[in-house]
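A structural walkthrough
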Amino acid sequence: MADDHYTGEPGGSQDFVARLSSGFAAVAGWSYDNRWWVLSIAVGVLAGSFYLAASAEIDSSYEAYFDANDPTFLHYEEFREDFGSDEVSYILYEAPGIEHGPWNYEVMRSVVALTETLEDEVPFIYEVQSLANAELMVGRDDAIDIYQLSDAFPDTQQELLTLRDRYLNKPMFVGGILSEDAKYAAIIIEMDRSSTDPLDEIRLDPEQGDALSNLYPQATNDAIDEILARPEYSNLRFYHSGDVPLNAAFNVVIAEESAFLDGITAAVVALLLLFFFRNVVGVVGPILVVQISVIATVGFVVLMGWKLDMSFGGMPTLLTAIGVAHSVHILSEFRARFAQLGDRREALVQTIYLVGAPCLFTSVTTAIGFASMSFAPIKSIAHQGGYAAFGVMASFFLSFTLLMALLSFGRRVPSKPASPEKIEASKGGAVMQRFLNRVVVFVSRQRVALLATFGVTFILSIVGISRMVVDSNWLNDFSDRMPLKHVTIKVDEVMGGAANLIFLFDGGASDSVLEPAVLAEIDRVQTWASDYEIVRKSYSIVDVLKDLNQTFHGDDPAHHKLPESRELNAQYLILYESAGGSEANKLISSDYRNASLELRLALAMTSETAEIVDDFYEELETTPLEASTTRLTGIGALWVKLLDYIVSSQVNGFTLAFAAIAIVMCVLFRSIKVGLIAMVPNISPVLLTLGVMGWLGIPLDYNKVAIASVAMGIAVDDTIHLMSRIRHEFYRLGNYQDAVREAMTDVGRALLITSAALVLGFLVLNFSLLNSNAVRGSLLATTILAALIADFLLMPALILTFKPFGAEKSPQAA
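Summarised in this report is the structure supplied together with it. This structure is a prediction, so every number in the text was calculated from the model and none was measured. (Residues numbered from 1 in each chain as written. Predicted model: local features only at pLDDT ≥ 70, side-chain atom pairs only at ≥ 80, totals over all residues. Heavy atoms only, no water.)

Turning our attention to the overall build of the chain. If you tally the helices and strands in the chain, you get 25 helices and 10 strands. Taken over the C-alpha atoms alone, the chain extends approximately 115 × 55 × 45 Å along its principal axes. By residue count, 59% of the 814 residues in the chain fall in the buried class. Residue pairs at least 24 apart in sequence account for 80% of intrachain contacts in the chain once pairs closer than 6 positions are excluded. Roughly 31900 Å² of accessible area belongs to the chain as shown, and the carbon and sulfur atoms make up 57% of that amount. Side chains of the chain carry 55 positive and 96 negative charges; the gap between the two charge centres is 18 Å. (Helix = DSSP H or I, 4+ residues; strand = E, 2+ residues; numbered from the N terminus. Buried < 20%, exposed > 50% of the residue type's maximum accessible area, 1.4 Å probe, protein only. Contact = heavy atoms within 4.5 Å. Areas by Shrake-Rupley, 256 points an atom, 1.4 Å probe, with all protein chains shown as cover. Lys, Arg positive; Asp, Glu negative; His and termini not counted. Charge placed at Lys NZ, Arg CZ, Asp CG, Glu CD.)

Structure follows, in structure tokens:
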């Protein structure tokens, strides 16, 4: 291996990279000479980052995916202004082993008491609805009575069972708070807060600060769970699900798991570094660099006015795995240089001269891979692109300052010269050198076969990509290790309706919802939607009016239909409100101009909801609405919109990342030919990963949308280091075969170490309680492994075949 500086391309003129390398060498010397200043700056950065990070807020809601000016999100906000928060806690319950189940006399008394306790003790709620206070309408001459169990509890078990039959005869109750077989019932707690409300509105006790336990939804969820666990309700088995517990679970994962996974990653990387470098600085230095970078990234999020959302969960682990790569290249090169030169300062200077420019360009390309997602219409992904790019560059900065300062400590000149064995060990040892030499020999002999093999793999990957589907199911984000996932599945199996899709009807004027023509159109859409298998339950003002009509006709099911006139509709609602009825107010706006039709949907892939939406628009084209207009909103509509965003984000992000990285490569090597050749081993593993997703049926969802662009930004790192060194050695030696061998036996060991760190770091995400993190980690680990194989086999084969750096020197000239 050469120990002289690179002096530029043939002709003697220094090129841009050489000048840049000289600048890095100067920084290394300055860091050595001013180590205490550098350490002071690092401490200042850490202190400032800690200060900012302490005020970071968490946002686990679906609003984190949408920009405030997104039209779909604006429609949803307008809906909430008229109809309030749609966040709920849904408590399914049964009374196993007890006769009559939920309708047992003592059990029902417990439910009445529980309903009152929830109303009195749970913060941030709007209303609690259960069998205890459900509005059972009873006709009486020209009036109606609103009957509630809690107000007039029956005297005997038999009276309660008679009431059960009346409740089962009311379609509005069945599938909502009562199962068809009456073996299960439910308590629905509606909220008057949203997860995205300002802090001062979701803080339980102003004196207790902003800990999760003092904020909605955590405070609400904790209060509900504490009440359900009380011994007086031990005769009931509860299944607590809904927006509140799900958002609370996400909050806990984001707040606690990130640090846990980051700690595991740091430990794994530390053991790996200890194995390869076997000294304190070789372990402590890189870990300090990446951990300060992670804390600085959280501080950056706060500075930008963003929140830690669901996309942030695996980011500390990713930054730890990615950030350690610079340190590995520095440590690997420094170890060999110090053993050869016997001068610590000169070894640092020469090390940074050789690895400085490649590390800069790898940081830039990785940052570009992340930053390409900043233009995604999915807000959390766009934010992730920004703070991840910042974290990568922060890691680069600290690697070339803090790590330099740490390496400066120790004897400048060893007490005795390094032995040949120690010099060989500094290069990875005899085993490592033999392996890397055999790789070069294998590539030289089999380069045609290798190119053909990679070509076939490329074609199979393209076919796999063509089979890939864009779809999502938010429950799949949770690991099977989380009890809440199984609870939610249970609730869905019994009652259904864990998600919703809302049709918002506009009659065009005040009181227009009372018009029979408008109501008929709502009824038409409601009936049409009920034919879909995933629609488990629907609610609208039509249901209330049908129930009122039935009530005024002796509770005859034949009259469960809409009244025939506007006047009768108005009269029914006046009598209903006079009797104390309030459920209708949730379904219509205060001016009676707008009405909502809510479809409660079973747990299913978002594509099934999208099918309803597409079919609905086709239905309107065939038979348009005449008395009203309608638009879609609700959580279901937001998820459907995300499907469109996922496709555009993946295509645009990958295209932008590819173009930007290709330009950087061409600039770095001052050659379009070299830049494009360098892109081949980077795009191949990315296509392979996407192809594997297609072949295995792994859907592309909002958690994997950045896989391609981010993976390419990471994978290009090793390519830049190896290509830069091959180019350096070729201009020194004038022979491609020798250049590949020299570069591989030198840089190759660092590539193996960094790839191992990345693969193990990404695999740590499999410990996550979020499947989305685990799958993303496995896919990125697969990509990095494939990228290493491509760099070791494909890139040298391409260089030996196409000879991109010019003609070789004759043996005499060399």
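All right, on to the side chain of Ser241 then. Position of Ser241 relative to the elements: it lies in strand β6 (residues 237-242). Here the side chain of Ser241 touches Thr488 through a polar contact of 2.8 Å, side chain to side chain. Those residues within four positions of Ser241 in sequence are excluded, and the remaining contacts are Ser89, Tyr90, Leu246, Leu484, Val487, Thr488 and Val491. (Polar contact = N/O pair within 3.5 Å; in protein donor to acceptor, adjacent residues only side chain to side chain.)

Across all of its chains, the model carries 24 salt bridges by this definition. In this structure, the salt-bridge partner of Arg230 is Glu121, at a minimum N-O distance of 2.6 Å. Within this pair, whereas Arg230 is found in the loop between α7 (218-228) and β6, its partner Glu121 is found in helix α4 (residues 105-121), the two being separated by 109 residues in sequence. The closest approach of N and O atoms between Arg524 and Glu619, which form a salt bridge, is 3.4 Å. A residue pair is termed long-range when its members are at least 10 positions apart, and Arg524 in helix α17 (residues 516-529) and Glu619 in helix α20 (residues 606-622) qualify at 95 residues. For Glu619, a relative accessible area of 25% corresponds to the partly exposed category. (Salt bridge = Lys/Arg side-chain N within 4 Å of Asp/Glu carboxyl O.)

This next bit is on the packing of aromatic side chains. According to the stated counting rule, one finds 27 aromatic pairs in the structure shown. Both rings, one in Phe300 and one in Phe390, keep their centres 4.4 Å apart while their planes meet at 10°; by these two values the pair is stacked. Highlighted residues: Phe300 in helix α9 (residues 280-303) and Phe390 in helix α12 (residues 379-399), separated in sequence by 90 residues. A relative accessible area of 30% means that Phe390 is categorised as partly exposed. Here the aromatic residues Phe300, Trp306, Phe312, Tyr387 and Phe390 are joined through ring pairs into a cluster of three or more. A cation over a ring is seen here: Arg344 above Phe338, with NZ or CZ 4.7 Å from the ring centre. (Phe/Tyr/Trp six-rings, centres within 6.5 Å; stacked < 30°, edge-to-face > 60°. Lys NZ or Arg CZ within 6 Å of the ring centre and 35° of its normal.)

A word on the sheet that holds strand β8 (residues 535-539). The strand order across the open sheet formed by four strands is β8-β9-β7-β10, and the pairing between neighbours is antiparallel. The strands lining the two open edges of the sheet, one partner per strand, are β8 and β10 (629-633). Strand-to-strand twist across the sheet, computed as the mean angle between neighbouring axes with direction ignored, equals 20°. Sheet topology note: the strand β7 (residues 499-506)/strand β9 (residues 594-601) ladder contains eight bridges and is antiparallel. Looking at β9, one finds that Asp506 is bridged to Asn594. (Pairing = 2+ DSSP bridges. Axes fitted to C-alpha atoms, helices over the stretch in contact; angles between N-to-C directions.)

Moving on to the nonpolar core. Residues Phe370, Leu501, Phe503, Ile541, Leu548, Met723 and Phe762 are the most contacted members of the largest nonpolar core, which totals 170 residues. For this core, the element with the highest residue contribution is helix α21 (residues 635-669), accounting for 17 residues. When sequence neighbours within four positions are dropped, the list of residues in contact with Ile541 reads Val513, Leu519, Ile522, Leu573, Ala584, Leu587, Ile588, Ala595 and Ser596. Counting residues in hydrophobic clusters, the runner-up holds 56 residues, among them Val88, Tyr93, Phe153 and Ile188. (Core = buried A, V, L, I, M, F, W, Y, C linked by side-chain atoms within 4.5 Å.)

Looking now at unusual backbone geometry. Going from Tyr216 to Pro217, the amide bond is cis rather than trans, its omega being 5°. Structurally, Pro217 can be placed in the loop between α6 (199-202) and α7. Here Phe124, not a glycine, exhibits a phi torsion of approximately 65°, which is positive. You can see Phe124 is positioned in the loop between α4 and β2 (125-129). For Phe124, a relative accessible area of 11% translates into the label buried. Even without glycine at this site, Lys803 takes up a positive phi of about 45°.

The strands making up a sheet associate through hydrogen bonds between their backbones, and the pairing can be parallel or antiparallel. Spatially, β2-β5-β1-β6 is the arrangement adopted by the four strands of the open sheet, whose pairing is antiparallel. With partners counted over all chains shown, the strands left at the sheet margins are β2 and β6, one partner each. Here the strands of the sheet are splayed against their neighbours by 15° on average, with no regard to which way each runs. Bridge count between β2 and strand β5 (residues 185-191): four bridges; the pairing is antiparallel. From the neighbouring strand, Gln129 faces β5, where its bridge partner is Ile188. On top of the sheet, α4 reaches β1 (88-94), β2, β5 and β6; it is set at about 175° to β2, its chief contact. In the packing of helix α8 (residues 243-277) onto the sheet, the strands contacted are β1, β5 and β6, and the crossing angle to β6 comes to about 70°.

Before going further, it helps to examine a nonpolar patch on the surface. Nonpolar side chains collect at one region of the surface, where Val456, Phe458, Ile459, Leu460, Ile462, Val463, Val692, Trp695 and Leu696 lie side by side and expose about 810 Å² of accessible area between them. Counting only elements with at least two residues in the nonpolar patch, the list comes to α15 (429-466) and α22 (672-696). Tallying contributions element by element places α15 first for the nonpolar patch, with six residues. Along the chain, the position of Leu696 falls in helix α22. Relative accessible area serves as the criterion here: at 61%, Leu696 is assigned to the exposed category. (Patch = residues over 30% accessible without salt bridge, like charges linked within 9 Å, V, L, I, M, F, W, Y side chains within 5 Å.)

Our focus in this paragraph is a negative patch on the surface. A surface patch of like charges, here negative, comprises Glu533, Glu608, Glu611, Asp614, Glu618, Glu621 and Asp644. Looking at the negative patch element by element, the count peaks at five residues for α20. Looking at the secondary structure, you find Asp644 in helix α21. Residue classification places Asp644 among the partly exposed residues on the basis of a relative accessible area of 48%.

As a packed pair, α22 and helix α23 (residues 707-733) sit with axes 9 Å apart at the nearest point and diverge in direction by 140°. Put simply, α22 runs oblique to α23. In the crossing of α22 with α23, the sense of the turn from one axis to the other is right-handed. For the pair formed by α22 and α23, the contact residues are Val674, Ile677, Ala678, Met679, Pro681, Asn682, Val686, Thr689 and Leu690 on the first element and Ile707, Ala708, Ala711, Met712, Ala715, Val716, Thr719 and Met723 on the second. A breakdown of the residues in the contact of α22 with α23 according to their chemical character gives 14 nonpolar, three polar and no charged. (Parallel < 35°, antiparallel > 145°, perpendicular 65-115°, else oblique. Left-handed = near helix turned anticlockwise from the far one by under 90°. Nonpolar A, V, L, I, M, F, W, Y, C, P; charged D, E, K, R; others polar.)

Two numbers describe how helix α18 (residues 541-551) lies on helix α19 (residues 566-578): the axes approach to 10 Å, and their chain directions differ by 85°. Relative to α19, the element α18 lies roughly perpendicular. Contacts from Ile541, Leu545, Leu548 and Asn549 of α18 reach α19 at Asn569, Tyr572, Leu573 and Tyr576. Tallied by class, the residues present in the contact of α18 with α19 amount to six nonpolar, two polar and no charged.

Quick look at the pairing of β6 now. Where burial is concerned, most of β6 is hidden: five out of the six residues are buried. One ladder, built from six bridges, connects β1 with β6; its direction is antiparallel. Bridge pairing in β6 links Glu94 to Arg237.

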